[in-house]
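Chain residues, written in single-letter form:
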Amino acid sequence: MRNIFIITIGSILVGFAYNFLLIPHEILSSGLSGIAIMLGLVTPLNTGLLNFLLNLPLLIIGVMKLGKRFIGYTILSVLVLSVSLYVIPVYQVTHEPLLASLFGGVITGIGIGIIFKASGSSGGFDIIAMLLNKKRDFPLGAMISAMNAIVVIISGFVFSWDAALYTLVTIYATGKVIDTIHTNHIKLTVMIITGKGDEVKEKLLANLYRGVTIMDGEGAYTGEGRKVLITVITRYQLSEVKEMITEVDPNAFVNITETKEVIGMFHRG
């Protein structure tokens, strides 16, 4: 229920950004939503309906490749966003297109970012980015921005090159905000020095889908034996790991460092 609520709020937020900031200035958003906005501006069809129809093929592919739970959340996001675009009136909040493109991109990035954190996506190019992210640890926002060059070019030909540049500002802002919120691509190495090595190991293995390496250590000052446990996790798992360690051994020494690259078997989830 928590994820459903977050995805619903994030999708409505994106709908407000589109209808209040981007569409009034003929500025496109990223991905298929941007194409839906463009078609909605040049045809009598509603943007919400177009957004849903354009996403259908990718949703079908996602069911086969990304799992029913993820796609279920994505379908919810696409439906809520499509309904929001249909229900929310188009209203020009600001007469300055640069402000509209910048804040529209930021608000869109916040909406999509929290949708990602709730294990969903807003559909479109997000699904393609998630498929690529399962193979390589690229930042999602950067991948989505890279795939949107075609949207910028189309915007320039259909509307104007000023509109294309404003669209580029929106896409850039959206990508940066997504990467600030969605940090699953960031890996952390956790080194735990504890006198309760077996207990900590059992706790981690029972609750964390990660491998753990154990080494013997010795305190230089006290000469007492210690266990050194090392594991690599995603940033999302950090708070959970810290709670588990504190629960077993509040006096454990824990060193957490950001990992540049992981080579070998690492479940990206």
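Here the structure is shown first, and the text comes after it.
Conventions adopted
- The numbers attached to residues start from 1 for each chain and follow its sequence in the written order.
- Side-chain atom pairs in this predicted model are given and counted only at pLDDT of 80 or more, local residue features only at pLDDT of at least 70, and totals for whole chains, interfaces and linings cover all residues.
- In computing side-chain properties, one takes all heavy atoms of the structure into account and sets aside hydrogens as well as water.
- As used in this record, nonpolar core signifies buried Ala, Val, Leu, Ile, Met, Phe, Trp, Tyr and Cys residues forming a set joined through side-chain atoms within 4.5 Å.
- A simple rule labels every residue: compare its accessible area, found with a 1.4 Å probe on the protein chains alone, to the largest value its type can have, and call it buried under 20%, exposed over 50%, or partly exposed in between.
- Numbering of helices and strands starts at the N terminus; helices are DSSP runs of H or I of at least 4 residues and strands are runs of E of at least 2.
- Surface patches are defined over residues having more than 30% relative accessible area and no salt bridge, joining like charges when they lie within 9 Å and nonpolar side chains (Val, Leu, Ile, Met, Phe, Trp, Tyr) when within 5 Å.
- Residue exposure ignores everything except the shown protein chains as possible cover, and the areas themselves are Shrake-Rupley values with a 1.4 Å probe.
- Any carboxyl oxygen of Asp or Glu within 4 Å of a side-chain nitrogen of Lys or Arg constitutes a salt bridge here.
- Two rings from Phe, Tyr or Trp (for Trp, the six-membered ring) form a pair when their centres are within 6.5 Å of each other. A pair whose planes differ by under 30 degrees is stacked, one over 60 is edge-to-face, and the rest are tilted.
- Along the arc lie the directions from the helix axis toward the C-beta atoms.
- Residue contacts follow a heavy-atom distance rule, with two residues in contact if any of their heavy atoms lie within 4.5 Å.
- Pairs of strands are assigned from DSSP output, requiring at least two bridges between the strands.
- Here an axis means a line fitted to C-alpha atoms, over the contact stretch when the element is a helix, while the angle between two N-to-C directions is reported on a 0 to 180 degree scale.

A.B. asks: Quick rundown of the nonpolar core? Include the residues and the values.
C.D. replies: Counting 21 residues, the largest nonpolar core has Val14, Tyr18, Leu28, Ile37, Leu81 and Ile112 as its most contacted members. Those elements that place two or more of their residues in this core are helix H1 (2-22), helix H2 (31-42), helix H3 (47-66), helix H4 (68-87), helix H5 (97-117) and helix H6 (125-133). Among the elements that take part in this core, H1 stands out by supplying four residues, more than any other. Judged by nonpolar contacts, the second largest core, of 15 residues, contains Leu188, Leu204, Leu229 and Ala252.

A.B. asks: So what about a nonpolar patch on the surface? Which residues, and what values?
C.D. replies: Judged by side-chain polarity, Leu41, Val42, Ile153, Phe157, Val158 and Trp161 come together as a nonpolar surface patch covering roughly 600 Å² of accessible area. Here the nonpolar patch takes three residues from helix H8 (residues 149-158), the largest share from any one element. On the secondary structure map, Phe157 appears in helix H8. A relative accessible area of 65% means that Phe157 is categorised as exposed.

A.B. asks: So what's going on with the packing of aromatic side chains? Residues and values would help.
C.D. replies: The relation between two aromatic rings is expressed through the spacing of the ring centres and the mutual angle of the planes. In this structure the tally under the stated criterion is three aromatic pairs. Judged by centre distance (5.2 Å) and plane angle (90°), the rings of Phe16 and Phe20 are edge-to-face. Pair noted here: Phe16 and Phe20 are both in helix H1, with a separation of four residues, about one helical turn. Assessed through its relative accessible area of 35%, Phe16 is described here as partly exposed. Between the aromatic rings of Phe20 and Tyr91, the centroid separation amounts to 6.0 Å while the plane-to-plane angle is 65°, which identifies the pairing as edge-to-face. Here Phe20, found in helix H1, pairs with Tyr91, found in the loop between H4 and H5; they are 71 residues apart in sequence, far enough to count as distant. Judged by its relative accessible area of 52%, Tyr91 falls in the exposed class. Grouping aromatic residues by their ring pairs yields a cluster made of Phe16, Phe20 and Tyr91.

A.B. asks: Go over helix H11 (residues 238-248), please, and point to the residues and values.
C.D. replies: Given 3.6 residues per turn, any residue in an α-helix points the same way as the ones three and four places further on. Regarding H11, the residues found buried are Leu238, Val241, Met244, Ile245 and Val248. The buried residues of H11 all sit within an arc of 130° when viewed along its axis, so they share a single face. With respect to the buried face of H11, the exposed residues turned more than 90 degrees away are Glu243 and Glu247. Structurally, H11 contributes buried residues whose contacts are with strand E1 (187-194), helix H10 (197-207), strand E3 (225-234) and strand E4 (253-259).

A.B. asks: Quick one: what's the story with unusual backbone geometry, residue by residue and with numbers?
C.D. replies: Look at Glu26: it is not a glycine, yet its phi comes out positive at around 55°. Of note, Glu26 is situated in the loop between H1 and H2. Given a relative accessible area of 36%, Glu26 falls into the partly exposed group.

A.B. asks: Residues and numbers for the sheet that holds E4, please.
C.D. replies: Ordered in space as E2-E3-E1-E4, the four strands form an open sheet in which the pairing is antiparallel. Strands at the two margins of the open sheet, each flanked by one partner only, are strand E2 (213-218) and E4. Across the sheet, the axes of successive neighbouring strands diverge by a mean angle of 20°, strand direction being ignored. When E1 meets E4, the two strands line up antiparallel, connected through seven bridges. By the bridge assignment for E4, Thr189 is matched with Thr257.

Any functional reading would require information that these geometric values do not contain.
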